[in-house]
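Descriptive analysis of the structure
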Amino acid sequence: MSGALRDSTEPQQSSAAENRPGAFAVIRPVVPSNPRFWTLLAIPVASAVSFAVHLFLSTKQPAPETGLYTRFLIGVFALSIVAATVQRFWPRLRAWMAQLCPILAAALMGLCAWEMITSGLRWLPLPYFPSPAGVLQSMVSDRGLLLDSTWHSLLLLLGGYTLGTAIALVTGICIGWFAHARYWGMPILKIVGPIPATAWIPLAMVVSPSAVFSAVGVIALAVWFPVTMLTASGISNTRASYLDVARTLGASRAYLIFRVAIPAAMPSIFIGLFMGLGASFLTLVVAETVGVKSGLGWYVSWAQGWAEYGKVYAALIIMAGFFSTIMTLLFKVRDRVLVWQKGVIKW
């Protein structure tokens, strides 16, 4: 009786211990469930429907666009069938399909609706709203210039983002820790920070010796303000108990800054990094349309000038993939650096 009672109360005691403040949460691996049959069938059905609609509307589109888009849909259908077969023997692929099959199927149905609205019903006027087949044709035919523009945009973005982050971390740590730096630095942040970085483009083009340097400087300025503000906030809001314990153990000022304050401020710093990354995307596109003679922003402006709106949409799609990939990589870095937060907050 007492043994049974003790066995029944032990799980409650362990769960209560896990919920105590300061207790470490037990992180158990999540085993992905097997995808249902209808989940695996979502992409083949969506690609088949899109293919049928495309064949019905192919008489209203140019032959090169029709052939390329047809091969694309057939390739998606074949790959989905192969993946649905192989996932039985590949657990990682099974988990990936269980999570992303509905989203990819919805994207294919979105392409189908796009084609019906543009090529079928003609609700949107040409050439401003081309069909997905036309956008795919523009992307393939102009792939060389698109790849070159993407490479130049990546160099500008990484250069400006790295420079702005480095300067912002130094200024944010100084403003957050030193009283004199906060006295002189906060007025500058309040005056210069709220001004959009794109407003400095005309002045940057006059001061800088080249358009590339001016674009890098403007992107760095766009990153500098949010990273500095969030870094200073995180440093200044470090718990006093952490600092008192470190001082009691004989920690120096450098130890307090680099081993106590900065690690405690990392969540705020990463929020600033994400905000700065979003601001750098916007500034990059605007800076490329004004002074730089290469890049995705320049390509969009150039294609619009020639009324090649298929190329405009192709560049926008590449921008979406380009920016989301960089954002995902930053999320991966955040997950690795702040791995200790997984047992404290929900991701």
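Residues numbered from 1 in each chain as written. Predicted model: local features only at pLDDT ≥ 70, side-chain atom pairs only at ≥ 80, totals over all residues. Heavy atoms only, no water.

Regarding the overall build of the protein
Where we set the bar: Helix and strand assignments come from DSSP, with helices taken as H or I runs of at least 4 residues and strands as E runs of at least 2, each series counted from the N terminus. Each residue is assigned to one of three classes by its accessible area relative to the maximum for its type, calculated with a 1.4 Å probe on protein chains only: buried under 20%, partly exposed between the two thresholds, exposed over 50%. Residue contacts follow a heavy-atom distance rule, with two residues in contact if any of their heavy atoms lie within 4.5 Å. Each accessible area is a Shrake-Rupley result for a 1.4 Å probe, and residues are judged covered by the shown protein chains and nothing else.
A tally of regular secondary structure across the protein gives 13 helices and zero strands. In the protein, the order of α-helices and β-strands from amino to carboxyl end is α-α-α-α-α-α-α-α-α-α-α-α-α. Relative to its full complement of 347 residues, the protein shows a buried share of 37%. The long-range share in the protein, meaning contacts at least 24 apart out of those at least 6 apart in sequence, stands at 73%. Summed over all atoms, the accessible surface of the protein reaches about 20,600 Å², with 70% contributed by carbon and sulfur.

A look at the pattern of salt bridges
To keep things clear, this is the line we draw: Salt-bridge detection follows one rule: a side-chain nitrogen of Lys or Arg within 4 Å of a carboxyl oxygen of Asp or Glu.
Per the counting criterion, the structure on display carries three salt bridges. Lys311 serves as the salt-bridge partner of Asp142, at 3.7 Å between the closest nitrogen and oxygen. Placement of Asp142 in the loop between helix H5 (132–141) and helix H6 (143–177) and of Lys311 in helix H13 (residues 309–337) is noted, with a sequence separation of 169 residues between them. Each member of the pair, Asp142 as well as Lys311, carries the same accessibility label: buried.

Some details on the packing of aromatic side chains
Put simply, the rule reads: Whether two aromatic rings pair depends on their centres lying within 6.5 Å, for rings of Phe, Tyr and Trp, where Trp uses its six-membered ring; planes under 30 degrees apart make the pair stacked, over 60 edge-to-face, and the rest tilted.
Applying the stated criterion across every chain yields a total of nine aromatic pairs. Their ring planes at 55 degrees and their centres at 6.4 Å tell us that Trp114 and Tyr313 sit as a pair that is tilted. Of this pair, Trp114 sits in helix H4 (residues 91–120) while Tyr313 sits in helix H13, and the two are 199 residues apart along the sequence. Owing to a relative accessible area of 25%, Trp114 belongs among the partly exposed residues under this scheme.

Looking at the nonpolar core
So the rule is basically this: Nonpolar core, defined: a set of buried Ala, Val, Leu, Ile, Met, Phe, Trp, Tyr and Cys residues in which side-chain atoms within 4.5 Å join the residues together.
Counting residues in each nonpolar core, the largest one holds 55 residues, and the members touching the most others are Trp177, Ile235, Phe270, Leu273 and Leu330. Within the residue set of this core, elements represented by two or more residues are H6, helix H8 (201–207), helix H9 (211–236), helix H10 (240–248), helix H11 (253–290), helix H12 (296–305) and H13. Per-element accounting of this core gives the leading share, 15 residues, to H11. Counting residues in hydrophobic clusters, the runner-up holds 11 residues, among them Ile43, Ala46, Leu93 and Leu108.

Quick word on the packing of H6 against H13
Selection criterion: Fitting a line to C-alpha atoms yields each axis, with helices limited to the stretch in contact; the angle taken between N-to-C directions then spans 0 to 180 degrees. A crossing counts as left-handed when the near helix is turned anticlockwise from the far one by less than a right angle, and as right-handed when that turn is clockwise.
Two numbers describe how H6 lies on H13: the axes approach to 11 Å, and their chain directions differ by 40 degrees. With respect to the hand of their crossing, H6 and H13 are arranged in right-handed fashion. Across from Leu146, Thr150, Ser153, Leu154, Leu157 and Tyr161 in H6, the residues of H13 making contact are Ala314, Ala315, Ile318, Phe322, Ile326 and Leu330.

Quick word on unusual backbone geometry
Look at Arg122: it is not a glycine, yet its phi comes out positive at around 55 degrees. Considering the arrangement of structural elements, one finds Arg122 in the loop between H4 and H5. Phi is positive for Ala307, which is not a glycine, with a value near 60 degrees. Within the element layout of this structure, Ala307 appears in the loop between H12 and H13.

Some thoughts on the packing of H6 against H11
Keep this limit in mind: Each residue receives one of three labels: charged for Asp, Glu, Lys and Arg, nonpolar for Ala, Val, Leu, Ile, Met, Phe, Trp, Tyr, Cys and Pro, and polar for the others, Gly being one of them.
For the pair H6 and H11, the least separation of the axes is 8 Å and the interaxial angle reads 145 degrees. As H6 packs across H11, the resulting crossing turns out to be right-handed. Within the contact of H6 with H11, the residues separate by chemical class into 15 nonpolar, four polar and two charged.

Things to note about the environment of Leu163
Locating Leu163 in the fold gives a position in helix H6. For Leu163, a relative accessible area of 40% gives the class partly exposed. For Leu163 and Ile219, which are 56 residues apart along the polypeptide, the C-alpha to C-alpha distance reads 8.8 Å. Contacts of Leu163, omitting those with residues within four sequence positions, involve Val216 and Ala220.

Some words on the side chain of Glu115
Tracing the chain through its elements places Glu115 in helix H4. Residue contacts for Glu115: discarding those within four places in its chain leaves Ser50, His54, Leu57, Gln61, Tyr69, Gly120 and Pro132.

Focus on the environment of Phe270
With respect to the secondary-structure elements, Phe270 resides in helix H11. As a C-alpha pair, Phe270 and Val333 span 63 residues in sequence and 9.5 Å in three-dimensional space. With residues up to four places along the chain from it excluded, the contact list for Phe270 reads Leu330, Val333, Arg334, Val337 and Leu338.

Observations regarding the environment of Thr70
Counted only if it meets this: Two N or O atoms count as a polar contact when they lie within 3.5 Å, although within protein this holds only if one can serve as hydrogen donor and the other as acceptor, and sequence-adjacent residues are included solely when both atoms are side-chain atoms.
Residue position: Thr70 is located in helix H3 (residues 63–86). Overall, Thr70 belongs to the buried group, its relative accessible area being 14%. Separated by 18 residues in the primary sequence, Thr70 and Ala52 place their C-alpha atoms 9.8 Å from one another. Each residue touching Thr70, except ones within four places of it in the same chain, is listed here: Phe51 and His54. Within the local environment of Thr70, its side chain forms a polar contact with the side chain of His54, the two groups lying 3.1 Å apart.

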